[in-house]
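A structural walkthrough
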Amino acid sequence: MKKIGVFICHCGINIAGTVDVKAVSRETGEMEDVVHSEDYIYMCSDPGQLLIHNAIREKGLDGVVVACCSPTMHEATFRKAVESEGLNPYVCEIANIREQCSWVHQGDKERATSKAGEIIRSVLEKLRQNEALETLTMPLTKRALVIGGGIAGITASIDLADSGYEVILVERQPSIGGRLDQLSLTFPHLDDARCILGPKKAEIANNPKIRVMPYCEVEEVKGFIGNFDVRIRRKPTYVDWDKCTACGVCLEKCPVESLSDFERGLTTRKAIYTGALSENSGKPVIDPIHCRHLVDGTCTICQEVCPEGAIRYDQGEELLEERVGAIVVATGYDLFPMEKIGEYGYGRIPDVIDGLAFERMLSPSGPTGGEIRRPSDGRIPREVVFIQCVASRDPERYMPYCSRVCCMYTAKQAKLLKQKIPNSQPYIFFMDVRTDSKGYEEFLQGAIEEEELIYLRGRVARVFQEGDKVRVWGEDTLTNRKVELDADMVVLATAVVPSEGIKDIAARLRATADKHGFLTEAHIKLYPVESPTKGIFLAGCGQGPKDITDTVAQASATASKIQSLFSQDALLQDPLVAFVDPEICSGCGICVQVCPYEAREMDEYRGISKVHEALCQGCGACIAACPNNACELRNSKAVQVFGMMETFAEGAEGSLADG
Amino acid sequence: MEFLYFPGCTLYTKAQNLDEAGRACAKALGFELKELSNWTCCGATFPLAKDNIMALAPPARILARAKEEGSALTTLCSVCFNVIKRTNELIKGDEEKREKINTFIEMDYQGDVQVIHYLEILKREVGFDTIKGALKRDLQEMRVAPFYGCMLLRPSEEMEFDDKEAPTIFEEFLGAINCEPVDFPYKIECCGAFQSVGAPEVATECAYAILNSAIRNGAEAVTTTCPLCQFNIDNMQREIRQKYNGFPGIPIIYFTQLLGLALGLPVEKLEFHRNDVDPRPLLEKRGLL
């Protein structure tokens, strides 16, 4: 390269406040091969970019250095500008004089100015040996995997299928529906959960683009964005679903009962059960922990009564391999277990239940047929205490975060209680009432006024059984008084936590999770539905506590992100990847072991190692590990990096001699 | 087995029944309580003010002396246990305070003595199974409510004694001496002891709520580890009876007295005459005297 242009950005005062940009511009103008040097207040702005366009045209530049912020900010911007003038985008390099110079040397203008010059000089050294590279094109599998069949997964699946893409929806329970299936009416408009979920479930069932895989789990994920190879494990149902007509005889006749998870322990279920509740439309599975046949072979009743001969006690698990281009993680939430909360009885007081159990009581399809009854004796309760922020917002002992849904569902539950049992009295202990979405505050105020809910600001210290009542010791911090209540029932709004096994799934996907297990997004504002791992998208409570409205919005956002990914003919990828010099490589295979992306493989025939460019992320691990220096990174070859270091060292020596 | 023992002031005066029975039971179970030489009052309150180094001097001195005579220090009184153990934790974990305290008491102590409660010796060193095997008198599943109070359990991260919300060690102990432990919701509540001088009516209410709950749950007696709890829920029953007509009263018995009874020690050694509500009619009725 003989005609290089250098463009120095002021970044307002971010750079110009510390670096004498005019002096740098004069200095770089004198440097070898530089035919154009200028500075501007915002090089990334339209007029700034125009300077680059003009200089390329007028002076016939064959290389560009922009001295500005970090390449993670605007490298792509300037490469695009250079490309539009007919140059190869990889002859444009960034010299970072903001993060690595002006920001860290504030107050020392002289040395910052000198360092900025050295940074530009070293980048020029690199640029001279840059190759003009072509963007890699990779095949793109336009099929998505959605993990989790709750409202988030269902919404994302439907949106994707509607735009013509195939979807595989994996759900670990026997049927889809998730937590929403357990709810009664939803805030703020009191829509029935079933009226939201029912049509969506029907849509899923009738959409040929969506393949639902219930009772399955994702076992392994390999590959990268555009081409993930996923292994899915279908757990044994012990029922041949092709033969089963879901007639329900087996459920009736099975003699074994255990507490139902779905009904939050309010009732029992049989050892053969369906996920889809009382509708009975779902096909059943056998619970191997409780089924007498599977435990010790002493019972064969379901096999005997099944008119279709569908029971298969010897059914094994099945492993299926699928290739997909993108993955939505919509794994949902659990409630913090009451068994861990000592002050509220460790889950041992029968009339202390959690919010989901109360939902089951309110639900017409629930164990009480929609009647609110005390679990202990079936009596209709009068005084019901609701406690908010149980294990939420309690950094010392439990979860530090706000679970976001409890304020609203508690208000809703108290309102529904009052409507179902008019002479009942709900008491609600709260810290703050957070009603931060459209229509929520109005809902709360309406409920308080119309239903005469009693809100007490304070936490509850202790809950215990006292005779057939549940005694609640709390505090009203507004009147500064101790409150003691004898309640018929207590409902705990326990914290929302990520569903069990989320950390395993995150590890399998190479996605990251925070210390509570919530999956982390690439950037809370810029990339809120993308995982830092490309091709993995997040929806619903697996990413953080949120209500149905937000979950649906987020799920649709993931779908639209995937739609724009799939709308490309092929996947374009940065060519800044590793390559191997076949003359030097000894075939030791160390690079294969160190590669975190499974991008390195031995070429058995040639006895040397090779690079899968589609998988390589250019991290450099293999380059550092290679004992023979046979691996190199395109446009960051050893000769370039050492050249930069030497240039910089010479400059440093010079300034030391000066200073 | 020999354990260095810190009795504390109360056990030399009001709570001689806790102390005497504790020493006698130790002998019967084959371990020795060797009294710490030259001990002082523990201070009876762990200071709430962070800079109150003065209040930490007595327990620190006790610990430093214990270090000269052994590696562990045992107490019977819950309050002493609380004050000494918390001081020990503080000295262990806070270098700055440690230096200040050491300068103040002119001794060098690093927090490396293990502070243990008598109940922990019974559970971990002797073992409840061994106790079961050593029983000489059948307590016939007498229904006893264990009252933990606060001092054994809280603050739990410093005391590390048992689950602060649902402790079980006392129940296990009662089971081992063939009593039926009575579960009652007030077993870990405050007895009001610190108010018994300044605001006795508050303390009376606390004691009443505790005893009432124990009685309603079917207890024939309540047992404690703490002289302050004992005083409050035992002696306060006089006031309770005046205020609440028909309050039946219930004997409060130290756990070491119950243990001594079960181990077949002579009744006069257990000093039941010192308990304010006399437990002897109950024991008589059950044929235990």
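Residues numbered from 1 in each chain as written. Chains lettered and ligands numbered in written order. Predicted model: local features only at pLDDT ≥ 70, side-chain atom pairs only at ≥ 80, totals over all residues.

**With respect to the sheet that holds strand β7 (residues 166-171) of chain A**
Residue and element names in this part refer to chain A. Taken together, the five strands give an open sheet; going across it, the order is β10-β7-β6-β18-β29, and neighbouring strands pair in parallel fashion. For this open sheet the edge positions go to β10 (210-214) and β29 (536-538), each flanked by a neighbour on one side alone. Looking at each pair of strands side by side, their axes are set apart by 20 degrees on average, direction ignored. Examined bridge by bridge, strand β6 (residues 143-147) and β7 share five bridges and lie parallel to one another. Residue pairing across strands places L145 opposite I168, the latter belonging to β7. Along the sheet, helix α15 (residues 548-566) contacts β6, β18 (326-329) and β29; its crossing angle with β29, the most-contacted strand, is approximately 155 degrees. (Pairing = 2+ DSSP bridges. Helix = DSSP H or I, 4+ residues; strand = E, 2+ residues; numbered from the N terminus. Axes fitted to C-alpha atoms, helices over the stretch in contact; angles between N-to-C directions. Contact = placed C-beta atoms within 7 Å.)

**Focus: the environment of I204 of chain A**
Within the element layout of this structure, I204 of chain A appears in helix α7 (residues 193-206). Distance from I204 of chain A to I176 of chain A, taken between C-alpha atoms, is 9.7 Å for residues 28 residues apart in sequence.

**Focus on helix α5 (residues 109-128) of chain A**
If you check α5 of chain A, its first and last C-alpha atoms are 29 Å apart, about what 20 residues at 1.5 Å a residue would give, namely 28 Å. For α5 of chain A, the buried fraction is high: 16 of the 20 residues fall into the buried class. (Expected span 1.5 Å × (residues − 1). Buried ≥ 20, exposed ≤ 12 C-beta atoms within 10 Å, placed from the backbone.)

**Regarding the nonpolar core**
If you look at the biggest cluster of nonpolar residues, it comprises 87 residues, and the most contacted ones within it are I84, V222 and I233 of chain B. Built from parts of two domains, this core gets at least three residues from each of domain 1 (2-118) and domain 2 (137-285) of chain B. Residues contacting I233 of chain B, with those up to four places away along its chain left out, are F147, C191, A207, I210, L211, V222 and I252 of chain B. Counting residues in hydrophobic clusters, the runner-up holds 70 residues, among them A161, Y215, A330 and F537 of chain A. (Core = buried A, V, L, I, M, F, W, Y, C linked by C-beta atoms within 7 Å. Domains from an automatic or database assignment.)

**Observations concerning the sheet that holds strand β5 (residues 142-146) of chain B**
As a general point, the strands of a sheet are linked pairwise by backbone hydrogen bonds and lie either parallel or antiparallel. Residues and elements named next belong to chain B. One open sheet accounts for four strands, arranged β6-β5-β7-β8; its pairing is parallel. Looking at strand neighbours, the two that pair on one side only are β6 (179-181) and β8 (252-254), the edges of this open sheet. Across the sheet, the axes of successive neighbouring strands diverge by a mean angle of 40 degrees, strand direction being ignored. For β5 and β6, the ladder comprises three bridges, and the chain directions are parallel. Bridge assignment links M142 to a residue of β6, and that residue is C179. Helix α10 (residues 227-235) rests against β7 (221-224) and β8 of the sheet, and its axis sits at about 160 degrees to β8.

**Description of the interface of chain B and chain A**
In this complex, chain B contributes five residues to the contact, which on the side of chain A involves six residues. Classifying every residue of the side of chain B that touches chain A by side-chain character gives two nonpolar, no polar and three charged. (Nonpolar A, V, L, I, M, F, W, Y, C, P; charged D, E, K, R; others polar.)

**Comments concerning the confidence of the model for chain B**
On average, chain B scores 95 in pLDDT, and the residues at 70 or more come to 100%. Interface predicted TM-score (ipTM) for the complex: 0.80; the corresponding pTM is 0.82. (pLDDT = per-residue confidence, 0-100.)

**Some details on the domain arrangement of chain B**
All names here are of chain B. You can read the domains of chain B as domain 1 (2-118) and domain 2 (137-285). Contact with domain 1, which involves 23 residues of that partner, is made by 23 residues of domain 2. In terms of residue count, helix α1 (residues 16-29) provides more of the side of domain 1 that touches domain 2 than any other element does, nine residues in total. Here the residues of the side of domain 1 that touches domain 2 sort into eleven nonpolar, seven polar and five charged.

**Points about helix α8 (residues 169-176) of chain B**
Residues and elements named next belong to chain B. All buried positions along α8 are accounted for by I169, F170, F173, L174 and A176. Take α8 and look down its axis: the buried residues cluster within an arc of 160 degrees, on one side only. Where the residues of α8 are buried, they touch α5 (118-126), α6 (128-133), β5, β6 and α12 (255-262). Directly after α8, the chain includes N178, whose backbone phi takes a positive value near 60 degrees. (Arc of directions from axis to C-beta.)

**Quick notes on the pairing of strand β11 (residues 216-224) of chain A**
Here β11 of chain A runs beside strand β12 (residues 227-234) of chain A; their pairing, made up of eight bridges, is antiparallel. Pairing of G223 of chain A across the sheet is with F228 of chain A, part of β12 of chain A.

**Details of the packing of helix α2 (residues 57-69) of chain B against helix α3 (residues 78-93) of chain B**
Residue and element names in this part refer to chain B. Between α2 and α3, the shortest axis-to-axis distance is 9 Å and the interhelical angle comes to 80 degrees. Here α2 is positioned roughly perpendicular relative to α3, judged by the angle of their axes. Facing α2, whose interface residues are P59, A60, I62 and L63, α3 presents V83, I84, T87, N88 and I91. (Parallel < 35°, antiparallel > 145°, perpendicular 65-115°, else oblique.)

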